[in-house]
Amino acid sequence: MNEDNEIQTNRFRFPEESPSTQRTLMQEELEQLSMYKKGRQRKFQNFLLLGILFLFLFGLGVSGYYLWKTGLISFGKKQPKNSPEQLYAADRLLPETRYYIPDTNLNTLLRKAISHYRASENRQAIVDFESIINGSYPNSQKATALIYMGVIALERNRYELARNQFLRALRYDPKAIGAVVNLAVLEHKLKNQTAAREYAFRARKMSPEDPRVLLLLGNILLANNETDKAIDSYQKAVSGIPEDILSYYNLGLAHLRKGNLESSLQNFKRVISHAERNSSPSLENRSLQARSYAQIGQIYFEKGKMDEAADHLHKAIRFAPEKSKYLYNLGIIYLHRQELEQALAYFQKALAASEKSPQVYRSLALAFEKINREDLAINSLQKALLINPGDIESLFRLGDIHHKNGDLLEAADSFRKITNLTQANLQTEEALIKLASVYLDMERRNSALDVLERAVQLRPESTMAYLMLGRVYEKSGRRDLAIASWKKALSLAPHGHLRKKILERKEERKIRLSLAHAYRKEGAFDLALRQYQFIRERNQEAPTQNEDPKLDWELAQTYQESGNHSNTAILLRKIIKSPYAKPELRKEALIELAYLHLKSNLKDDDNYESIAQALSYANQAKRLFPEDFGVKLLEAEALLKTKLRANREKSLEILKMIIYSKVEASLLSKAYNLMGLAYKENGELERALKSFNYALQINSKNQEALQNQREASHSYEKNL
């Protein structure tokens, strides 16, 4: 019996007082006079009786306290058999806690002692076993008694006493296999795997066909990651005891660790089949049945069969309704099925079922993020950190969410805590780089440089540190140092397979895009194009990526900046047609292509792109984002370019709607500039001048509005 279950609260209940009887005052006075006369005679008798009673109760209390402390008796109400609480406790036990109990060569006193042991009457059992050890009995029977006493000590977690009893048993009988097996179990429990392995192989040498020995050996081999040998040992154990479902369960675990999913499934299903055939399965068998359902659910989850996974975890929960791990795993499955309400419900049940776990709170946070409730996600992560303030994963997640939401001080605090908690490892490096990114957004560039220097000192080969260092230098206007930092990042993994191993494709892409951007700002378009070409080459490595709309966008921008409008248009059209381009990117490509045609009236051998074509692109962008003000502004400009009065009036309607809306300053300035052009075309020069003035008041750097204002002023003065 488990010590935790033995020690329970002992509650006493006082008997209820009987109802009182009312009496007259005269009756009470007469009784008091009578009692006064007899009082002196009874005083001595009462005092003597109380003294004897006190001594008796004192002795009883001392005896009870001794028996309770030694664990030989327990107080309190027993739990009902197979209650959920017991089943949950049994489910926590590892399979290797089954001990080797001798059941042969038993005399009458041994049988009596064993019956007391099985009835959890350990005190009487120990008395009987000691009688055998101290009596004139054969050494083999003394060894058996010592094995049982060792098992009792093991069950009470008195490991040194247990080891002593088993070694004594071997001194009486060197062939006592039960002592050797239980020594292996003991060392295995204490994580002394070398000693456990030696005892297990010694036991197999003594009894090579004993299924209990083979089962134990398999457990120890599996713990030592000798999976193939463990599978072989379990299979031999199964052939010896085909109805023992523990052997099937452990064999399933071994196959699962090996990656043999089908063999693992077979063995877990055998556990369930054997347990179902038993009309009154033991607590251990019910536990193994629940665990087998849970393991099958995990296998189906790995196979991507979410319905089957959920079904088997529901069955596991039916046997173990308060098992936190099963509830949590079911929540994970619903999360993968995008059934977020169900996922949240099971995560909440998992939290209610057991001691609060940071892992469950993190999963709750992930589910809240998926339904755009980042406030609840932050709350869940804060609860995880209340349980374990050093939970690094929760700190990273919390920092990322705060950074994304623009809560920069909170983000910096989370990443700083990680750097203080970790011991100069990869997590420290990652936290320093993220902290530098936050400092960069806070315009604290010197602070960003300081933490990045720490990251580089910690790991000089860190490509991500040099990537971020380049960004900080670029923001500081020191492009030469930025380029040097990015080149350093690339030089860490210079060639072929070495580069593939050290520098992941995603990391290299970030570095080369940053480097190309810096070259473009310097006007070194050929160097920028070369970096994009490196990215294209990397895209052709397995797994190949033939479509890359974001790279096409960067190339289009580069060609446009260099004045190569023909190549710009080709790439923009490619993005528009790409099924891999996101709607936002397709919209930007349509806008750019339309403006390209409006400003340069592109012409090539096969096609003449007219203003009508620009209007067509504007309408396509409008279908994607009908409420986008940038698209509306494009439509207004395209209508204005047609020179038709009706289209000009439509343009004015759109522009008035824009200026009366809440839009950013640069867009508002452009709208007023276009409105001035429309009024100028209509001959309304005063209104045109006012519009150009508004455009310049909002954005004094609007060169187009400034030029239009000058032309309108000249025309206005000329007409005076």
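Numbers given for residues are sequential positions, taken from 1 along each chain in its written order. Only residues with pLDDT of 70 or above have their local features reported here, since the model is predicted, and side-chain atom pairs are shown and tallied only from 80 upward, although totals for entire chains, interfaces and linings are computed over all residues. Think of the side-chain values as coming from all heavy atoms in the structure, minus any hydrogens and water.

Caption draft 1: Looking closely at the overall build of the protein chain. Helix and strand assignments come from DSSP, with helices taken as H or I runs of at least 4 residues and strands as E runs of at least 2, each series counted from the N terminus. Along its length, the protein chain carries 37 helices and zero strands. Relative accessibility under 20% of the residue-type maximum defines a buried residue, over 50% an exposed one, and the middle range a partly exposed one, all with a 1.4 Å probe and only protein chains included. Per-residue burial over the protein chain gives 45% buried out of 720 residues. Contacts were defined at the residue level, with two residues in contact if any of their heavy atoms lie within 4.5 Å. In the protein chain, the share of contacts with a sequence separation of at least 24, taken over all contacts with a separation of at least 6, comes to 52%. Per-residue and other accessible areas follow the Shrake-Rupley method at a 1.4 Å probe size, with only the shown protein chains counted as cover for residues. Entry remark: accessible area of the protein chain is about 40,500 Å², with carbon and sulfur atoms responsible for 50%.

Caption draft 2: Summary view of the nonpolar core. Core analysis: the largest hydrophobic core is formed by 206 residues, its most contacted members being Phe-129, Phe-166, Tyr-326, Phe-347 and Leu-633. The element contributing the most residues to this core is helix 6 (residues 139-155), with 10 residues. Only buried Ala, Val, Leu, Ile, Met, Phe, Trp, Tyr and Cys residues count toward a nonpolar core, and they belong to the same one when joined by side-chain atoms within 4.5 Å.

Caption draft 3: How the structure looks around the packing of aromatic side chains. What counts as a ring pair is set by centres within 6.5 Å for rings of Phe, Tyr and Trp (its six-membered ring), and what kind of pair is set by the plane angle: stacked under 30 degrees, edge-to-face over 60, tilted for all other angles. The tally for this structure, following the rule as stated, stands at eight aromatic pairs. Residues Phe-396 and Phe-415 carry aromatic rings whose centres are separated by 6.4 Å and whose planes lie at 50° to one another, so their mutual orientation is tilted. Of this pair, Phe-396 sits in helix 20 (residues 392-405) while Phe-415 sits in helix 21 (residues 408-421), and the two are 19 residues apart along the sequence. Owing to a relative accessible area of 0%, Phe-415 belongs among the buried residues under this scheme. An aromatic cluster is present here, built from Tyr-117, Phe-129 and Tyr-148 joined pairwise through their rings. In this structure, Lys-587 is placed above the aromatic ring of Phe-625, and the distance from its NZ or CZ to the ring centre is 5.1 Å. Look at NZ for Lys and CZ for Arg. If either is within 6 Å of the ring centre and within 35 degrees of the ring normal, a charge sits over the ring.

Caption draft 4: Just unusual backbone geometry, in detail. Positive phi, close to 60°, is recorded for Ser-120, a residue that is not glycine. Here Asn-157, not a glycine, exhibits a phi torsion of approximately 60°, which is positive. Tracing the sequence through the fold places Asn-157 in the loop between helix 6 and helix 7 (159-172). For Asn-157, a relative accessible area of 44% translates into the label partly exposed.

Caption draft 5: Structural view of the side chain of Ser-437. Within the fold, Ser-437 resides in helix 22 (residues 426-441). A relative accessible area of 18% places Ser-437 in the buried class.

Caption draft 6: Up close: the packing of helix 34 (residues 645-659) against helix 35 (residues 665-681). Between helix 34 and helix 35, the shortest axis-to-axis distance is 9 Å and the interhelical angle comes to 150°. When the axes of helix 34 and helix 35 are compared, the pair comes out roughly antiparallel. Taken as a pair, helix 34 and helix 35 cross one another with a handedness that is left-handed. For the pair formed by helix 34 and helix 35, the contact residues are Arg-648, Leu-652, Leu-655, Lys-656, Ile-658 and Ile-659 on the first element and Leu-668, Ala-671, Tyr-672, Leu-674, Met-675, Ala-678, Tyr-679 and Glu-681 on the second. Along the lines of polarity and charge, the residues of the contact of helix 34 with helix 35 split into 11 nonpolar, no polar and three charged. Here the axes come from fitting lines to C-alpha atoms, over the contacting stretch only for helices, and the angles between their N-to-C directions go from 0 to 180 degrees. Orientation categories follow fixed angle ranges, with anything under 35 degrees roughly parallel, anything over 145 roughly antiparallel, 65 to 115 roughly perpendicular, and all other angles oblique. The sense of a crossing depends on the near helix, which, turned anticlockwise from the far helix by less than a right angle, makes the crossing left-handed and, turned clockwise, makes it right-handed. Ten residues, namely Ala, Val, Leu, Ile, Met, Phe, Trp, Tyr, Cys and Pro, are considered nonpolar, four, namely Asp, Glu, Lys and Arg, are considered charged, and the remaining ones, Gly among them, are considered polar.

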